[in-house]
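# A look at the structure
So the chains spell out like this:
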Amino acid sequence: MSGITGKVVALTGASSGIGEATARLLAARGAAVVLGARRTDRLDALAAEIRAEGGRALALPADVTVPGDQEAMVARAVEEYGRLDVLVANAGVATVGPVAALDLAAWTAMVDVNLRGVLHGVAAALPVFRAQGEGHVVATVSTSGLKIVPGQAVYAATKNAVRTFMEALRQESTDGTLRTTTISPGYVRTELTAPPSGADNPHAAMLAFALAPEAVARAIAFAVEQPHDVEIGAITLRPTVQG
Ligand code: NDP
């Protein structure tokens, strides 16, 4: 038995990259996983694969910018598995470019997905966690919020807004009900940094040393598997050679 066996974990952004790897790992270690994202074909395939290997998984369409979608994920987790132990608020988008490009559409998308998406998830999960007397929010932020670099102003700002929100949530939750964890990965080889379309990828130079998403999944699993009186507040992991 691990500290993961039997837990019910809802993950946003489970259709690729870090979310997918985390869902696979947690399911393999005995969690029931509720997979949310917009590309439901991918979620269905992943859920089927996990079930074929003896795990428990269900897939739901969920756009994190729509508050009701994460409410539905949480409700479905409770309906199907009886409770919700962990929300992994992981969905994210990134557009790299100078502020001077004034790419308002990209800025709005990053705020909507990376920040509002997390707020919607917490709003959906918190009432269940309070009713159970126990719950855990894990949010994927980024090292780009720790070492601020040109070209990532708005992306880093959204990630640091989540970091700030999570610290306040932690301080408001010291009655022992809620654990909060922020995960700050450096460069990870996913569709975010290596989009399938490929051309003019601003992350191309980093891909030579980027981490596999499974490395981040292991960090998330470490936070989840602790007993409830141990809160892993923050984990930063990056390729050893990342500047
Ligand atoms: P991917 O692009 O592989 O995954 C992003 C996930 O977010 C996809 O599953 C995508 O699913 C989902 N997503 C995007 N928009 C929405 C939306 N509106 N509603 C629901 N889901 C959405 O990238 P990563 O795995 O790398 O990204 C996961 C997280 O890790 C993000 O928060 C990212 O910012 C963060 N991160 C990534 C790093 C990296 O180097 N890769 C480094 C640091 C942090 P779909 O399109 O199917 O909806």
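Numbering of residues begins from 1 in every chain and follows the order in which that chain's sequence is written. A pLDDT threshold of at least 70 governs which residues receive local features in this predicted model, and a stricter bar of 80 or more applies before side-chain atom pairs are shown or counted, although totals over entire chains, interfaces and linings include all residues. Neither water nor hydrogens contribute to the side-chain values; these are computed over all heavy atoms in the structure.

- The chain goes by SDR family oxidoreductase in an unreviewed UniProt entry, where it is assigned to Streptomyces evansiae.
- Annotation of the chain in UniProt includes, under Sequence similarities (unreviewed entry), the sentence "Belongs to the short-chain dehydrogenases/reductases (SDR) family." UniProt positions are given in the numbering used here, feature names are shortened, and annotations may be inferred rather than shown by experiment.

### Description of the overall build of the chain
- Scanning the chain for helices and strands turns up six helices and seven strands.
- Traced from its N-terminal end to its C-terminal end, the chain shows the element sequence β-α-β-α-β-α-β-α-β-α-β-α-β.
- With the radius of gyration taken over C-alpha atoms, the globule rule is written as 2.2 Å times the number of residues to the power 0.38. Scaling as 2.2 N^0.38, a compact globule of 243 residues should have a C-alpha radius of gyration of about 18 Å, and the chain matches this with 17 Å.
- Along the first, second and third principal axes, the C-alpha set of the chain runs to 50 × 40 × 35 Å.
- Each residue is placed in one exposure class: buried if its accessible area under a 1.4 Å probe, protein chains only, is under 20% of its type's maximum, exposed if it is over 50%, and partly exposed if it falls in between. Counting every position in the chain, which comprises 243 residues, the buried fraction comes to 49%.
- Within the chain, contacts between residues separated by at least 24 positions form 69% of all contacts whose residues are at least 6 apart in sequence.
- In the chain, which carries 20 positive and 23 negative side-chain charges, the distance between the mean positions of the two groups comes to 5 Å. Helix and strand assignments follow DSSP, with helices taken as H or I runs no shorter than four residues and strands as E runs no shorter than two, numbered in order from the N terminus. In what follows, residue pairs with any heavy atoms lying within 4.5 Å of each other are defined as contacts. In this tally, Asp and Glu contribute negative charge and Lys and Arg positive charge; neither His nor the terminal groups of the chain are included. By convention, the point assigned to a charge is CZ for Arg, NZ for Lys, CD for Glu and CG for Asp.

### Observations concerning the UniProt feature "domain: Ketoreductase" (unreviewed entry) in the chain
- With numbering aligned to this structure, UniProt lists the feature "domain: Ketoreductase" (unreviewed entry) at residues 7-190.
- Along residues 7-190 the backbone is 48% helical and 19% strand, and the end-to-end C-alpha distance reaches 26 Å.

### Digging into unusual backbone geometry
- We note that L102 has phi near 50 degrees; this positive angle belongs to a residue other than glycine.
- Counting through the fold element by element, L102 comes out in the loop between β4 (86-89) and α4 (104-132).
- By relative accessible area, L102 is classed as exposed at 57%.

### Observations concerning the site of the ligand
- For each residue, the test is whether any non-hydrogen atom lies within 4 Å of the molecule or strand; if one does, the residue is near. What surrounds the ligand is a group of 30 residues, the closest being S15, I18, R38, Y155 and T190.
- By the criterion applied in these results, polar contacts are pairs of N or O atoms within 3.5 Å in which, for protein atoms, one can donate a hydrogen and the other can accept it, and in which residues neighboring in sequence qualify only through two side-chain atoms. Interatomic distance of 2.8 Å between a backbone N/O atom of I18 and an oxygen atom of the ligand.
- Here a nitrogen atom of the ligand and a backbone polar atom of V64 are 2.9 Å apart.
- Summarising the interface, the protein chains cover 95% of the accessible area of the ligand, which totals 880 Å² for the free molecule.
- Breaking the shell around the ligand down by element, the ones donating at least two residues are α1 (17-28) and α5 (153-171).
- Under the scheme applied, nonpolar residues are Ala, Val, Leu, Ile, Met, Phe, Trp, Tyr, Cys and Pro; charged residues are Asp, Glu, Lys and Arg; polar residues are all the others, including Gly. By residue class, the composition of the shell around the ligand is 14 nonpolar, eleven polar and five charged. The Shrake-Rupley method, run with a 1.4 Å probe, gives the accessible areas here. Residue values count only the displayed protein chains as cover.

### Focus on the environment of Q242
- Turning to its location among the elements, Q242 is positioned in the segment after β7 (234-237).
- Overall, Q242 belongs to the buried group, its relative accessible area being 15%.
- Placed 32 residues apart in sequence, Q242 and A210 show a C-alpha to C-alpha distance of 8.4 Å.
- Filtering out sequence-adjacent residues up to four positions away, Q242 remains in contact with T143, G186, Y187 and F209.
- There is a polar contact of 2.8 Å between the side chain of Q242 and the backbone nitrogen of Y187.

### A look at α1
- Any helix carries an expected span of 1.5 Å times its number of residues minus one. With twelve residues, α1 extends 17 Å from end C-alpha to end C-alpha; this agrees with the ideal 16 Å at 1.5 Å per step.
- Within the span of α1, buried status applies to G17, I18, G19, A21, T22, A23, L26 and A27.
- On its buried side, α1 packs onto β1 (8-12), β2 (32-37), α2 (40-52), β6 (178-185) and α6 (213-225).

### A closer look at the pattern of salt bridges
- Salt bridges are defined as contacts in which a side-chain nitrogen from Lys or Arg sits within 4 Å of a carboxyl oxygen from Asp or Glu. Taken as a whole, this structure holds eleven salt bridges when the rule is applied.
- Notably, a salt bridge pairs E80 with R76, separated by 3.2 Å at the nearest N-O pair. Of the two residues, E80 and R76 are both situated in helix α3 (residues 67-81); the distance of four residues between them amounts to about one turn of the helix.
- What emerges from the salt-bridge pattern is a single network uniting E20, R24 and E49.

### Examining the side chain of K7
- Relative to the elements of secondary structure, K7 occurs in the segment before β1.
- Buried charge without a salt bridge: K7, with E134 as the nearest opposite-charge side chain at an N-O distance of 6.2 Å.
- Non-local contacts of K7, meaning those with residues more than four positions away in its chain, are made with G30, A31, A32, D85, V86, R179, V224 and Q226.

### Here's the deal with the nonpolar core
- In this description, a nonpolar core means a group of buried Ala, Val, Leu, Ile, Met, Phe, Trp, Tyr and Cys residues linked to one another through side-chain atoms lying within 4.5 Å. In this structure, L11, V33, L35, I220 and L237 are the most contacted members of the largest nonpolar core, which totals 33 residues.
- Elements represented by at least two residues in this core include exactly β1, α1, β2, α2, β4, α6 and β7.
- Sort the elements by how many residues they give to this core and α6 lands first, with seven residues.
- In this view, L237 contacts T143, I183, S184, P185, G186, L211, A215, V216 and A219; residues no more than four positions away in its chain are not counted.
- The next biggest cluster of nonpolar side chains, apart from the first, holds 27 residues, and it includes L84, V122, V128 and V137.

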